[in-house]
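Understanding the architecture of this molecule
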Amino acid sequence: MSAGDYILQTRALTKEFKGFTAVSKVDLNVRRGTIHALIGPNGAGKTTCFNLLTKFLIPTSGQILYDGVDITSERPAAIARRGVIRSFQISAVFPHLTVLENVRVALQRKLGTSFHFWRAERSLQVLDARAMELLNEVDLGRFAELPAVELSYGRKRALEIATTLAMEPKLMLLDEPTQGMGLEDVDRI
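Residues numbered from 1 in each chain as written. Predicted model: local features only at pLDDT ≥ 70, side-chain atom pairs only at ≥ 80, totals over all residues. Heavy atoms only, no water.

Attention now moves to the packing of aromatic side chains. The geometry of two aromatic rings is summed up by the distance between their centres and the angle between their planes. Within the structure shown, the criterion is met by zero aromatic pairs. Above the ring of F56, the side-chain terminus of R86 is found at 5.7 Å from the ring centroid. (Phe/Tyr/Trp six-rings, centres within 6.5 Å; stacked < 30°, edge-to-face > 60°. Lys NZ or Arg CZ within 6 Å of the ring centre and 35° of its normal.)

Put into structure tokens, the structure is as follows:
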């Protein structure tokens, strides 16, 4: 395979914390349009690896290539603008917004009105159809009007995936996406 077949590559990616090596010389080759998994026990360095890939941590050494471009020295916001979007191990939703409003916040970026705080909420209703599509994809459509705080933990994880999808990532990194979900939810995710 050529380098162009890979959306993400790492070369000898390493992270040390005061003499402790959390990630050691990791070489990844993630092909476009495929699903990959980092598997290992708690403490194996999976989340640390995600934090390195999205630049929430700075590598001690090694290289990160995204779409053939070296992004090792870029900041997290620049990585996100490139289309690398991640979810976190701990569910992160706006608890007092409805399920629909949570997804609409993620979609709002496309309108270019993210900082127009004085606009009426009805100006965002143009996003409702797409928000409902995303909610239906993760089987949350029937909870659209419910405040997110009332969702079970597993359903909050599904909501987080819907908001991640709303950002139209080119590469989506999910840190333990099925944690806290019942068996009936895991297959769908």
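Another aspect to go through is the packing of helix α4 (residues 128–137) against helix α5 (residues 153–166). With their axes 9 Å apart at the nearest point, α4 and α5 run at an angle of 135° to one another. Compared by their axis directions, α4 and α5 come out oblique. Both α4 and α5 take part in a crossing whose hand is right-handed. Here α4 contributes L134, L135 and E137 to the contact with α5, which in turn contributes L159, A162, L165 and A166. Tallied by class, residues from the contact of α4 with α5 come to six nonpolar, no polar and one charged. (Axes fitted to C-alpha atoms, helices over the stretch in contact; angles between N-to-C directions. Helix = DSSP H or I, 4+ residues; strand = E, 2+ residues; numbered from the N terminus. Parallel < 35°, antiparallel > 145°, perpendicular 65-115°, else oblique. Left-handed = near helix turned anticlockwise from the far one by under 90°. Contact = heavy atoms within 4.5 Å. Nonpolar A, V, L, I, M, F, W, Y, C, P; charged D, E, K, R; others polar.)

Another aspect to go through is the confidence of the model for the protein chain. Per-residue confidence for the protein chain averages 87 on the pLDDT scale, and 88% of its residues sit at or above 70. Within the protein chain, strand β3 (residues 61–66) carries the highest mean pLDDT (97), whereas helix α6 (residues 183–186) carries the lowest (74). (pLDDT = per-residue confidence, 0-100.)

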